[in-house]
Every structure is written in structure tokens, then in C-alpha cells.
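Coordinate analysis (summary)
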Amino acid sequence: MKYCLLSLLLFSFISVAISQNSGGKNIYTSAQFKLETGNTYDLLELIPDVSATEEGTISIMGNGQAMVMIDDKVVSIDGDYQPVLQQLSLDMIKHIEVISTPSAKYDAEASGGIVNIVLSSNGMQGIGGNAALQLSTGNKMMGNAGINYKKNKWNLKFDALAQEYNTEVTKTIDMEQYNGADTIYTKQKLILDPNLKRINANISAEYAISSFQNVILSSKIGQRQLVMSSDINSESSIPDNSYAYTSYREDKGATTQTNLSYTNKFSKEESLKRELSIQSNYNYTNGGFFSNTQDFYEDNTNKAFWQANAQADYTHELSETSNFETGYRFYTRKTEMDYSRDSIGVSNDTSRVSEDIFAYLEQVNAVYLQWNSKLGQFDVNIGLRAELANTRGEQEITSNSFSNTYANLFPSAQLTFPLSDKNKINLKYNRSIVRPSIIQVNPFVNDQNPNNIKFGNPELAPTLIDNVELKYSGNFTITNAKEDELSHNYSLAVILRNRQDEIYKAALASSSNPNVVENSFYNLNQSRDFAIEAYYSAQLMKWIKIDVVPSYRYNYQDGTNIDAQIEGSSNIFQLKTNVNIDMWEGSQFIATHLYHSAYESAQGTRPSYRKTNLSVRQLFLEKKLTLTLAVKEPFNQGHYHNLLEHSDFVQDKSMYFEAPIFEINVRYNFGNYKASKQDAKQDPALLN
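Read on for an overview of the structure. The structure presented is a predicted model; accordingly, all values stated were derived computationally and were not measured.

So, the overall build of the protein chain
- On a plain count of helices and strands, the protein chain comes out with 5 helices and 38 strands.
- Burial statistics for the protein chain: of 688 residues in total, 48% are counted as buried.
- Entry remark: accessible area of the protein chain is about 32600 Å², with carbon and sulfur atoms responsible for 55%.

Encoded structure:
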């Protein structure tokens with residue numbers, strides 16, 4: 001019966017995947033999804049309101065890149081979350097908190113929400129760790145290992161990751177440009193052959209000064225090298241504008257990051273608790289890339305990035321049911337790019353030869369105050385964050401510069417009302433910000449395709465976002481004929497989101513050359529979303545669990561301040577499904593499927609797409625060894641396609657990735673953790 005149902009579900013899953021053409025704080029544990037081993041990515045992939053990729057891209061309810069934290073501390077200053085997802089094993093994680101609407105306590109730049117990984121603190125002492133090796137088609141290989149040693153007041157950790165892949169990507173750009181009575185056709189096809197190599201290592205030392213004070217020092221080093229060769233073939237109706245050549249690009253860099261944190265919970269004898277946390281971190285990344293366009297140009301760019309943060313947070317209980325939190329944060333970050341281009345080979349065009357140095361500096365000071373209380377049956381959270389930001393950009397050789405100083409207030413409020421012990425309503429509001437990135441303000445022109453150039457906009461303003469979320473959630477339990485208790489969880493969320501000065505990438509016909517399309521960044525007049533997301537998780541039988549997450553989003557964008565034709569609305573439907581089946585002892589089948597409907601942006605139309613992953617896991621050696629076999633994108637339906645139509649031009653872009661991907665993953669966990677005598681006295685369960 002079990003295997004018949006497995007076959008039926010797999011057949012249904014495949015049928016759904018090929019039937020159509022392409023065109024508060026929620027807490028989750030691995031036990032909820034019956035995962036016994038794996039890494040952080042394995043768990044994130046199954047969380048209903050999260051979309052995660054192995055490359056480190058994480059979004060909550062489709063709302064852009066989320067911020068990743070560990071125990072309320074920022075994981076990566078530079079936004080590189082991949083090592084965390086791959087290296088942190090599930091046995092080190094207590095639970096994961098998904099915060100779609102962060103309070104004033106958190107950085108206002110966490111506009112995409114926060115994924116906070118809370119580590120396990122079970123009082124066990126000894127040594128333990130894990131090692132994993134992943135091999136897949138596309139010449140992809142990744143290995144990582146970690147070790148953790150706990151003894152008395154010390155907790156030492158070390159982990160490392162090495163990765164290499166070479167997966168082919170085909171990119172095409174078809175363009176029609178209307179120049180009076182003439183129509184200009186341009187078609188460019190790029191076959192990209194990237195080879196990425198990277199290594200990362202992390203080391204941390206935690207020392208318990210006393211039973212209520214501890215200090216943590218951690219450091220991260222990393223190195224990456226991306227070598228990409230591209231066969232480019234461009235056809236054009238413009239005389240002498242067709243060409244074919246090979247481009248070579250080498251992009252490499254190294255990064256170091258150091259973090260220091262101190263926590264003081266003061267005396268545990270106090271009836272009302274107090275806690276002070278101080279942390280600082282520093283990141284430096286340097287590197288650059290070299291690009292050689294056969295017989296045309298040679299580009300060299302050196303890039304350096306610095307960032308330093310300092311933060312202090314204080315919590316004070318006012319009573320057993322209320323407290324206030326306050327804190328201060330300062331960060332400064334600077335990016336400097338040294339760019340030069342030389343004409344080589346047969347090219348005699350010196351008009352595109354250039355050099356410059358661009359430096360971009362950001363500094364932000366922030367303070368916040370937050371009050372949390374229980375008023376009757378209501379849980380209340382009210383906060384306010386104030387930030388003062390200074391930005392400055394400067395081109396050294398051309399002597400162009402710009403600067404901006406602005407202050408903002410970021411209020412937040414949360415209200416939770418329990419309807420019963422199994423049902424509750426949660427209402428949230430917050431304001432957040434998206435500041436322009438170095439890519440979006442960098443004025444350097446990328447004209448590798450001279451008919452389709454790209455550059456940044458130094459005059460961009462930051463985007464302010466107001467979020468309102470109303471959520472109803474609950475659960476119930478069913479007892480079947482075998483007296484198995486089967487849990488069911490459900491929720492329904494309504495979200496309103498208004499964006500002021502949303503940063504948008506637009507394509508416009510060049511005012512100086514009708515044969516050229518210019519791609520740059522602008523602020524829209526207005527942008528708003530209305531979304532509904534439902535979630536239902538059902539333990540159908542003791543050995544089978546299904547999660548279904550349908551969502552609907554209405555989006556409106558008005559960019560008529562940029563161009564009269566940049567305006568549009570869309571209705572977007574998305575369905576995420578997870579199926580988890582225990583087949584036999586220590587064996588598990590997991591299937592995930594994502595469907596995203598077609599939609600329109602202010603400028604462009606994208607067809608629907610689907611993504612499917614299938615995997616089987618088997619545990620060996622008393623659950624210490626895990627073997628996973630996976631197939632990703634078995635139906636090869638996750639391609640990117642965008643059609644942009646304008647009265648001056650039509651641009652059709654598409655990208656095709658190598659698929660399906662077959663993957664094998666072996667993970668081994670080891671350790672001899674034991675409860676210390678002191679911990680055992682405090683919690684005898686640790687000895688069991």
C-alpha cells in the first residue's frame with residue numbers, strides 16, 4: 001500500500017509538472033519536516049513561506065533578498081550566505097525563525113524580511129562534527145567539513161567549504177529598433193561556459209566568563225575565482241555591425257571578516273532580567289576582473305570593499321509580562337573601483353577607450369526603542385527606529401561627484417490575539433528601506449554589446465517601504481484508526497505593501513543614437529502590492545506529510561515619470577508543494593514543486609515557469625551516515641524569459657540553463673558529546 005501511494009504521488013507530481021507549458025515570526029524545526037540530517041539549505045527548502053537556492057538567494061513571500069542572522073547576529077556583511085547554508089548542519093540548529101515584517105529592533109535595510117537561525121544550546125560537552133561531499137552533473141563538486149569542541153567554559157568551532165562547478169548557460173537577445181521608417185534588427189547569442197572555484201573557512205571561539213557572561217570571537221576567510229569564456233555571435237541589419245568573437249573574463253577576489261561580540265545577562269538571581277549585547281565586525285574584500293574581447297578591447301577593473309559595524313543592544317524587564325529594548329548601530333562601508341579599457345587587435349576605435357576611478361561611501365547611524373508587553377490576552381510590540389545616512393560618490397579622473405544626506409523614521413507595531421489555545425490572529429506594520437547599491441549608482445558604461453549598453457544612475461533615491469500584514473493561523477490534531485495522532489497546521493495572510501521611489505531597471509531608446517538601447521536604474525512614481533498567502537500542512541498518515549502553499553499577488557508600478565510607456569499591473573499566482581514520505585526504516589522521499597504564473601512588470605512580460613526537485617535519503621550507521629540522491633529540474637522548465645515592448649524598440653531576452661541536474665550527496669556526522677555533571681544536575685534529561 002505504501003509503495004503504491006508513493007508511485008501515485010510521484011506520478012501526480014510529474015503530471016502537474018508537465019501538464020502545462022512554460023509561458024510575527026514563524027518558527028520551524030527539522031522535526032516538523034521529519035529531517036534527521038542535512039544542512040540549513042535542506043530545511044529552508046521545505047519551509048512554506050521561504051524560497052531558497054543553494055547559491056544563497058533567500059526570499060520570504062517573494063519579497064526580495066532576506067537578511068540571514070545567527071542568534072540575532074548578522075551572518076555576512078557582504079551578503080554572501082552560501083557558506084552558511086551549506087556548512088551549518090541540522091544537528092547544530094534548534095530552530096529557524098522567519099520574520100516577514102521585522103520590528104524596529106532590526107536593521108531597517110532588512111526590507112526582504114529576516115531568517116534567524118537559532119543554534120542549539122543543550123549543555124553537552126565533547127567533540128563532534130560532520131563532513132559532506134556533493135557531486136552532480138554540470139561538473140559540479142562541493143565538499144565541506146566542520147568540527148565543534150566544547151569543554152568547560154570553551155566552545156570552539158571550525159568549518160571549511162570548497163566548491164567548483166562548470167555549468168553551461170545560453171543567453172539570447174533579439175531586438176527590433178524603430179528608426180523612423182527603418183527597422184533595425186539585432187540578434188545576439190552568447191554561449192557562456194563559467195568555471196567557478198571558491199573556498200571558505202570559518203573559525204570561532206566562545207568563552208563563558210561566568211554563568212551569565214560570554215564573549216565570542218569569529219573570523220572568516222574566503223577566496224573565489226570565476227573564469228568565463230563566451231562565444232558571442234551578433235547579427236545586425238546595420239551594415240558592418242555583425243560580428244562573431246570569443247570573450248574571456250577572469251573575476252577573482254578574496255575576503256576576510258572578523259566578528260566580536262559580548263553578552264551580559266547580569267545576575268540570574270534578579271527577579272527582573274536585564275541583558276546587554278555588544279558586537280562589532282569588520283569586512284574587507286579585494287579583487288577585480290580582467291576581460292578580453294577578441295580583437296577588440298581589453299578591460300581591467302580592480303575592486304576593493306570595506307565595511308565596519310558597531311552595535312549595542314540592551315533589554316530590561318519592567319515586569320514579568322513586559323520589557324523594553326533599546327540600542328544603537330553604526331556602520332560605514334566603502335567601495336572603490338579602478339577601471340581601464342584599451343583598444344587591441346584589429347580595432348581602431350578609440351572612442352570607447354577610457355579609464356576612471358569610482359569611490360562610493362555610505363555611513364549610517366541608527367537608534368531604536370521598542371516596548372513589548374502582554375495586555376490582557378493581547379501581545380503588543382511597539383517600536384521606533386531613527387536613522388541618519390550619508391552617501392558620497394566620486395569619480396577621480398573625470399572629477400564628477402555627488403552626495404546625499406537624509407534622515408528617516410521607521411515605526412513598527414505588532415499585535416497578537418489568541419482566539420484559543422490553537423488559533424491566533426497577528427497584525428503587523430513596519431517601515432523599511434532599500435538603499436541604492438554600488439552597481440545601481442556606478443556611472444561606468446558597460447558596452448560589450450554596443451547596441452544594448454548598461455550604466456548606473458548616481459541620482460537614485462532610496463526606496464521606502466510600508467508593510468501591513470494580517471495573519472490568521474491555527475492547528476488541530478486527528479487520531480486515526482491506528483490511534484496515530486496526525487497534526488494539521490494552517491494559516492492565511494493578507495499583505496499590503498507600498499513602495500515610495502522604488503528602484504527600477506528600465507530600458508530606453510538613446511536620445512543621441514537611435515540604434516542604441518540604454519539600460520539604467522530609476523525611481524518609479526509609485527509601486528504597490530496586495531498579496532494573499534495560504535498555508536496548509538497535513539500529516540495524512542504517520543509516514544506521509546504534505547505542505548501546500550498557494551499565493552496570489554497584485555502588483556502595480558507607475559514609471560511614467562521615466563517614460564510615458566512605463567506603467568503596468570499584473571496578477572501573479574504561485575503554488576509551492578512539498579511531499580515528504582517515509583518509505584522504509586531510515587529512508588525518506590522528498591519532492592518539491594514550485595509553479596509561478598506569467599506576469600507583467602512596468603516594462604516587460606515574463607511567461608510562467610516551474611521548478612521541481614526530487615530526492616531520496618537513506619540513513620546508515622545508526623543515522624551517522626546519510627546518502628542522498630537528487631534530481632533537480634527533471635523537466636527543464638525553469639528558464640528565464642522576458643519580452644519588453646516599446647514604441648521605439650522590442651527586446652526579447654532568454655536564458656537557458658543546463659538541466660536536469662543529477663546529484664549525489666554523502667554526509668557523515670561524528671561526535672562523543674556527553675552531558676557535564678553540572679549540566680546534568682540542571683537537566684537530567686540530557687543524560688538520556
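A word on the sheet that holds strand β7 (residues 114-119)
- On the basis of which strands lie adjacent, the open sheet formed by 5 strands has the order β1-β6-β7-β4-β5 and mixed pairing. Edge positions in the sheet fall to β1 (26-28) and β5 (73-74), since each of these pairs with one other strand and no more.
- Relative to β7, strand β4 (residues 67-70) runs parallel, the two being bridged by 4 bridges. Across the sheet, the residue bridging to M67 is I114, located in β7.

What to know about the nonpolar core
- If you look at the biggest cluster of nonpolar residues, it comprises 36 residues, and the most contacted ones within it are L44, I47, V50, I58, I96 and I117.
- Of all the elements in the fold, those that place two or more residues in this core are α2 (40-44), β2 (50-52), β3 (58-60), β4, α3 (82-87), β6 (93-99) and β7.
- Setting aside chain neighbours within four positions, we find I117 in contact with T40, V68, M69, I70, D71, V84, L88, I93, H95 and I96.
- By size, the runner-up hydrophobic cluster in this structure holds 11 residues, among which are Y339, F358, Y360 and I503.

Concerning the environment of Q395
- Inspection of the secondary structure puts Q395 in strand β19 (residues 378-395).
- Distance in space between the C-alpha atoms of Q395 and D338 is 9.8 Å, their sequence separation being 57 residues.
- Leave out the neighbours within four places in its chain, and Q395 touches D356, I357, F358, N400, P443 and F444.
- There is a polar contact of 3.4 Å between the side chain of Q395 and the side chain of T398.

About the cut-offs
Residues numbered from 1 in each chain as written. Predicted model: local features only at pLDDT ≥ 70, side-chain atom pairs only at ≥ 80, totals over all residues. Heavy atoms only, no water. Helix = DSSP H or I, 4+ residues; strand = E, 2+ residues; numbered from the N terminus. Buried < 20%, exposed > 50% of the residue type's maximum accessible area, 1.4 Å probe, protein only. Areas by Shrake-Rupley, 256 points an atom, 1.4 Å probe, with all protein chains shown as cover. Pairing = 2+ DSSP bridges. Core = buried A, V, L, I, M, F, W, Y, C linked by side-chain atoms within 4.5 Å. Contact = heavy atoms within 4.5 Å. Polar contact = N/O pair within 3.5 Å; in protein donor to acceptor, adjacent residues only side chain to side chain.

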